[in-house]
Amino acid sequence: MTISHAPPPPGLSVAPEKPPAPSRTPPDLEAVVPAFVRRSRLRSAPRWVRRAVGPLLLLALWQVFSATGVLHPDVLASPGTIARAGADLVADGTLPAAMRVSLQRVVVGLLLGGVVGTALALVSGLSRLGEDLVDVTVQMLRTVPWVGLIPLFIIWLGIGEAPKVALIALGVAFHLYLNVYAGIRGVDAQLIEAGESLGLGRWGLVRHVVLPGALPGAMTGLRYSLATAWLALVFGESINADAGIGFLMNQAREFFRTDVIVVCLVVYAFLGLTADVIVRILERLLLQWRPTFTGQ
């Protein structure tokens, strides 16, 4: 049976059929890379390398100025001379003995000041009555320059180890008090209400809510306290000291030994940096529950 297509009626035109479009291969798509990823590629070097660029550049400029005579040895010794002086002090045992004495003073002062400052902050932060009795007195004493108390410490405690340790403890106590007190009073009131709704008593709230909430402030106060402890040690070891890093600096000053003075300053900086690293490690261990921004 043959099927015939009828012609279209007059006046009606039929468009010719279009041939099928040829298949096109989709173009290759380029992945969109965020801007911070592109920047991170530029900073692909290890972080310790990038952090060491600044000090190494400063050290190189220092050596160049010393070699060209811009820096006279009587004004500031060259890095090579300082390195040799440090090696000599380590070889004869003078520097290790001085570091041991200074570290002992800082540790004792830090413990005494930390206990006193934290205890006062707890009394003042956890109780309104304690705040009325303690805070005004501490704030008043805090405004007095603690370095200016050196003559009184000498009169009260003599010229031995006691005034040096007391000076360190005083500077540490103020910093810890301020930061721990602010951390306690900065705890969110809604967390307190949530703890009360869960049936926590007063000491339960203090243990599970207030103290963990104040811990970040306490860590910040500890970092400030360590910096203040090393600063107080510099002043304290100028009080008729017969041992310690400050004693070496005083001796070097009398003989215009700028190389020994710089060695002592480098040791101060190294010990302070080491203490700061220890506090950072404590922060990571104790504050794992707190997400923080680490930079881009």
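Residues numbered from 1 in each chain as written. Predicted model: local features only at pLDDT ≥ 70, side-chain atom pairs only at ≥ 80, totals over all residues. Heavy atoms only, no water.

### Remarks on the environment of Gly217
1) Next: Relative to the helices and strands, Gly217 resides in helix 9 (residues 202-236).
2) Next: Given the relative accessible area of 17%, Gly217 is considered buried.
3) Next: For the pair Gly217 and Gly186, spaced 31 residues apart in the sequence, the C-alpha separation amounts to 9.1 Å. (Helix = DSSP H or I, 4+ residues; strand = E, 2+ residues; numbered from the N terminus. Buried < 20%, exposed > 50% of the residue type's maximum accessible area, 1.4 Å probe, protein only.)

### Examining helix 5 (residues 128-142)
1) Next: An ideal rise of 1.5 Å per residue puts 21 Å on 15 residues; helix 5 measures up with 20 Å between its terminal C-alpha atoms.
2) Next: In the structure, helix 5 departs most strongly from a straight axis at Val134, where the bend amounts to approximately 35 degrees.
3) Next: For helix 5, the full list of buried residues reads Gly130, Val134, Asp135 and Val138.
4) Next: Here helix 5 starts with a cap whose side-chain oxygen sits 3.2 Å from the backbone nitrogen of Leu129, and that cap is Ser127. (Expected span 1.5 Å × (residues − 1). Bend = angle between axes of the 7 residues up to and from the residue. Polar contact = N/O pair within 3.5 Å; in protein donor to acceptor, adjacent residues only side chain to side chain.)

### Things to note about the layout of surface pockets
1) Next: Computed from the structure, the second largest pocket encloses a volume of approximately 330 Å³.
2) Next: Forming the boundary of the second largest pocket are 14 residues, of which Gly125, Leu126, Ile184, Ile192 and Val210 lie nearest the centre.
3) Next: At the level of elements, helix 4 (94-126), helix 7 (161-185), helix 8 (189-197) and helix 9 are the ones that each hand at least two residues to the lining of the second largest pocket.
4) Next: A per-element tally of the lining of the second largest pocket places helix 9 first, with four residues.
5) Next: Partitioning the lining of the second largest pocket into residue classes produces eight nonpolar, two polar and four charged. (1 Å grid on protein atoms, 1.4 Å probe; cavity = no way out; pocket = protein on both sides within 12 Å on 5 of 7 lines; lining within 4 Å. Points joined across faces, edges and corners; volume = space filled by probe spheres on them. Nonpolar A, V, L, I, M, F, W, Y, C, P; charged D, E, K, R; others polar.)

### Quick notes on the nonpolar core
1) Next: Formed by 49 residues in total, the largest nonpolar core has its most connected members in Ile168, Trp230 and Ile245.
2) Next: Only helix 3 (79-91), helix 4, helix 5, helix 6 (150-157), helix 7, helix 9, helix 10 (245-254) and helix 11 (258-286) provide two or more residues apiece to this core.
3) Next: Those residues in contact with Ile245 that lie beyond four places of it in its chain are Ala98, Met99, Ser102, Glu237, Cys264, Val267, Tyr268 and Leu271. (Core = buried A, V, L, I, M, F, W, Y, C linked by side-chain atoms within 4.5 Å. Contact = heavy atoms within 4.5 Å.)

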